[in-house]
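Fold and contact review
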Amino acid sequence: MRQVIIIGSGPAGFTAAIYAARANLNPVLVASSVEVGGELMKTTEVENFPGFPEGIQGPELMAKMQEQAERFGTEVLYDDVTGLELDGEIKKVTLGSGTTLEAASVIYATGSAYRTLGIPGEERLSGHGVSWCATCDGFFFRDRTIAVVGGGDSAMEEATFLTKFASKVYVIHRKDTLRASKIMQERAFANEKIEFIWNSAVEEVLGEDATIGVRLRNTVDGSVSDLDVDGLFIAIGNDPRTHLVHGKLDLTPEGTIWVDGRSSRTSQPGVFAAGDVIDPTYRQAVTAAGSGTVAALDVEHFLAALGDGSPSTAALV
Ligand code: NDP
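Our subject in this report is the structure included herewith. (Residues numbered from 1 in each chain as written. Predicted model: local features only at pLDDT ≥ 70, side-chain atom pairs only at ≥ 80, totals over all residues. Heavy atoms only, no water.)

Concerning the overall build of the protein chain
Looking only at helices and strands, the protein chain features 7 helices and 19 strands. Relative to its length of 317 residues, the protein chain is compact, with a C-alpha radius of gyration of 22 Å against a globular reference of 20 Å. Viewed in the frame of its principal axes, the protein chain has a C-alpha envelope of about 70 × 40 × 35 Å. The 317 residues of the protein chain split such that 50% are buried. The long-range share in the protein chain, meaning contacts at least 24 apart out of those at least 6 apart in sequence, stands at 60%. (Helix = DSSP H or I, 4+ residues; strand = E, 2+ residues; numbered from the N terminus. Rg over C-alpha atoms; globule rule 2.2 N^0.38 Å. Buried < 20%, exposed > 50% of the residue type's maximum accessible area, 1.4 Å probe, protein only. Contact = heavy atoms within 4.5 Å.)

Right, here's the structure in full:
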């Protein structure tokens, strides 16, 4: 039986693995069979991760994190988790291959997924003008015209932030009222660079290799029009990936996994959570990495406290 199984291969998962491996906990990390590296695999240049003054490509950063985790003995499995048994002293993690892993503890770091519009051009131009992260990509749009989709706090925050770089920011919203909090609305309304386009749905992102515009459909009269923009930021919410733990771990009203204060301890002893799956607010690579550190340290303390004689410590590797 293992000491710890880490689920998820984003910055939280790999950082937890680096710490756990260096603490001789021999972690096994389940990385997914299709997309190792999490959301950063979808970004191009990452310029805000400390230690890379020239910036680094998202996939390269994740490859380096994996290399660092493996260097200290993390075993990475390219498989998907299909089932979890988290109650009881022995945690069981079943994989797509049919194997069931057992461990005294689990770190759950499955991240969150940005909601997508599901429209033509969105996926093709992702990283080429289409982005889900103003903090990551806003800098590339200095003196350009961009659009933000959405009517919530994220959209207002992204739009306001983007005016630091862009010459003009359109906010495209499918209704004529915003869901965002009053203060965020007022800040956006007061910003001279922001123009609202109401009652409009983005139907298509235009451009071959780079974004050159968006096609809009008026949600009231159905009319279609094109708008020239150099970039499109999609801020329509995101969903923590919690489907495997519904009914097994407590969630917060925001849908993230509940943890005890600033720790990574979930409602189930021996189960720890880290990264975007517990964070409705910050959702940065570097905060996720910090959260992974917390989880690994919490696991270390948990295993140390189990003490001799416990069935789950008898056969730990
Ligand atoms: P929300 O769910 O609050 O808002 C999503 C917005 O996107 C809504 O306006 C919604 O439209 C729109 N939308 C959803 N799906 C589509 C679609 N397919 N096409 C077009 N528009 C769509 O998500 P947020 O990410 O904005 O916020 C999530 C949580 O995080 C909130 O609790 C928020 O308060 C919080 N937050 C707080 C911040 C802060 O305080 N600084 C910053 C960012 C987020 P409709 O209104 O029509 O449903």
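Focus on the pattern of salt bridges
Counting across every chain of the model gives 8 salt bridges. In this structure, the salt-bridge partner of E203 is R217, at a minimum N-O distance of 2.5 Å. With E203 in strand β14 (residues 200–206) and R217 in strand β15 (residues 213–218), this pair connects stretches of sequence that are 14 residues apart. Owing to a relative accessible area of 31%, E203 belongs among the partly exposed residues under this scheme. (Salt bridge = Lys/Arg side-chain N within 4 Å of Asp/Glu carboxyl O.)

Digging into unusual backbone geometry
Although it is not a glycine, N24 adopts a positive phi angle of roughly 60 degrees. Looking at where N24 falls in the secondary structure, it is placed in the loop between α1 (11–22) and β2 (28–30). Despite not being glycine, D143 has its phi angle at roughly 60 degrees, a positive value. Along the chain, D143 turns up in the loop between α3 (134–137) and β11 (145–149). Look at D143 and you get exposed, because its relative accessible area is 61%.

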